[in-house]
Amino acid sequence: EDKVVQSPLSLVVHEGDTVTLNCSYEVTNFRSLLWYKQEKKAPTFLFMLTSSGIEKKSGRLSSILDKKELSSILNITATQTGDSAIYLCAVVNFGNEKLTFGTGTRLTIIP
Amino acid sequence: EADIYQTPRYLVIGTGKKITLECSQTMGHDKMYWYQQDPGMELHLIHYSYGVNSTEKGDLSSESTVSRIRTEHFPLTLESARPSHTSQYLCASSEYGQNTGELFFGEGSRLTVL
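Residues numbered from 1 in each chain as written. Chains lettered and ligands numbered in written order. Predicted model: local features only at pLDDT ≥ 70, side-chain atom pairs only at ≥ 80, totals over all residues. Heavy atoms only, no water.

Tallied over the entire structure, the rule returns two disulfides over all chains. Between the sulfur of Cys23 of chain A and that of Cys89 of chain A lies a disulfide, 1.9 Å long from S to S. One disulfide, between Cys23 of chain A and Cys89 of chain A, carries an S-S torsion of -70° and so falls in the left-handed class. On the criterion of sequence distance, the pair formed by Cys23 of chain A in strand 3 (residues 19-26) and Cys89 of chain A in strand 9 (residues 85-93) is long-range, its members being 66 residues apart. Neither Cys23 of chain A nor Cys89 of chain A differs from the other in exposure class; each is buried. The side chain of Cys23 of chain B participates in a disulfide bridge whose partner is Cys91 of chain B; the two sulfur atoms lie 1.9 Å from each other. The sign of the S-S torsion, about -75°, decides the handedness of the disulfide formed by Cys23 of chain B and Cys91 of chain B: left-handed. In this pair, Cys23 of chain B is assigned in strand 3 (residues 19-25) and Cys91 of chain B in strand 9 (residues 87-94), connecting sequence segments 68 residues apart. With relative accessibility at 0%, the residue Cys91 of chain B sits in the buried group. (Disulfide = S-S within 2.5 Å. Helix = DSSP H or I, 4+ residues; strand = E, 2+ residues; numbered from the N terminus. Buried < 20%, exposed > 50% of the residue type's maximum accessible area, 1.4 Å probe, protein only.)

Structural data, given as structure tokens:
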């Protein structure tokens, strides 16, 4: 059974700080790893990672995949209160095309 | 902005009632999904559909049922709700399937069964 573990479960930092969120996975047939941001409503797509070592970047957010370590990190620099959300990591199984989500990291940014 | 809608947003009902959670998308996507998410827990796939008249059960066993008579509509039904069904239900759609990552989610239906 595919599995995704995220850490920390919860993180509280001050505005302007840089944070790193971790995601480790076990999947029988890896296809890709996805990051989503979930605020009060529905998750919104952030990144899809398929290759090791290639950083994906969008503004202050960036993410990279390490297939050897079966993990990924999501970095947010110069955090803002609008970054407060649950960040979800998911892996896609190539064989059955299923997404398996982690429990998420709840990030709270204090002004 | 994704055009996928769920109703109701919040529902509180008594045990034994039949409920239907509606999900509609205007993007013409073939693939649609239902996820269940308890507070602080991960999303679990409970149903999915790859097109009209196609429905499959997901990873998490669920007593709910779904139908896909029209491309844009993917309702979820509980024939007899129980307190164990209390959860948030998220509907999603995509054009190419989960493996592209481009899942568009609705805003969710939070169900409470007393």
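Next comes the rest of the description.
Residues and elements named next belong to chain B. In spatial order, the strands read 1-3-8-7; together these four strands make up an open sheet with antiparallel pairing. Each edge of the sheet is formed by a strand with only one pairing partner; in this case those strands are strand 1 (4-7) and strand 7 (65-66). Bridge count between strand 1 and strand 3: four bridges; the pairing is antiparallel. When the bridges of strand 3 are listed, Tyr5 appears paired with Ser24. (Pairing = 2+ DSSP bridges.)

With 18 residues of chain A at the contact, the number on the chain B side is 22 residues. In total, chain A and chain B occlude about 1700 Å² of area from one another, counting both sides; carbon and sulfur atoms represent 52% of this. Here chain A and chain B share zero salt bridges between them. At the level of secondary structure, the elements contributing two or more residues to the side of chain A that touches chain B comprise strand 4 (30-38), strand 5 (43-49), strand 9 and strand 10 (99-101) of chain A. Considering each element in turn, the side of chain A that touches chain B owes the most residues, five residues, to strand 4 of chain A. (Contact = heavy atoms within 4.5 Å. Buried area = accessible area lost by both parts, 1.4 Å probe. Salt bridge = Lys/Arg side-chain N within 4 Å of Asp/Glu carboxyl O.)

What follows is about the environment of Thr18 of chain A. Residue and element names in this part refer to chain A. Following the sequence through the fold, Thr18 ends up in the loop between strand 2 (10-14) and strand 3. Given a relative accessible area of 52%, Thr18 falls into the exposed group. Here the alpha-carbon distance between Thr18 and Leu61, two residues 43 residues apart in the chain, equals 10.0 Å. For Thr18, the residues in contact, after removing those within four places along its chain, are Ile76, Thr77 and Ala78.

This part takes up the packing of aromatic side chains. Applying the stated rule across the entire model yields seven aromatic pairs over all chains. Between the aromatic rings of Tyr36 of chain A and Phe101 of chain A, the centroid separation amounts to 5.9 Å while the plane-to-plane angle is 50°, which identifies the pairing as tilted. Here Tyr36 of chain A, found in strand 4, pairs with Phe101 of chain A, found in strand 10; they are 65 residues apart in sequence, far enough to count as distant. Each member of the pair, Tyr36 of chain A together with Phe101 of chain A, is buried. Each ring, one from Tyr36 of chain A and one from Phe105 of chain B, has its centre 5.8 Å from the other, and the planes form 90°; the classification is edge-to-face. (Phe/Tyr/Trp six-rings, centres within 6.5 Å; stacked < 30°, edge-to-face > 60°.)

In this section: the sheet that holds strand 6 (residues 56-58) of chain A. All names here are of chain A. Strand order across the open sheet formed by five strands is 1-3-8-7-6, with antiparallel pairing between neighbours. Edge positions in the sheet fall to strand 1 (3-7) and strand 6, since each of these pairs with one other strand and no more. Strand after strand, the sheet turns through a mean of 15° between neighbouring axes, direction not considered. Sheet analysis places strand 1 next to strand 3, joined by five bridges and oriented antiparallel. Bridge pairing in strand 3 links Gln6 to Cys23. (Axes fitted to C-alpha atoms, helices over the stretch in contact; angles between N-to-C directions.)

Limitation: the analysis is restricted to geometry and does not speak to function.
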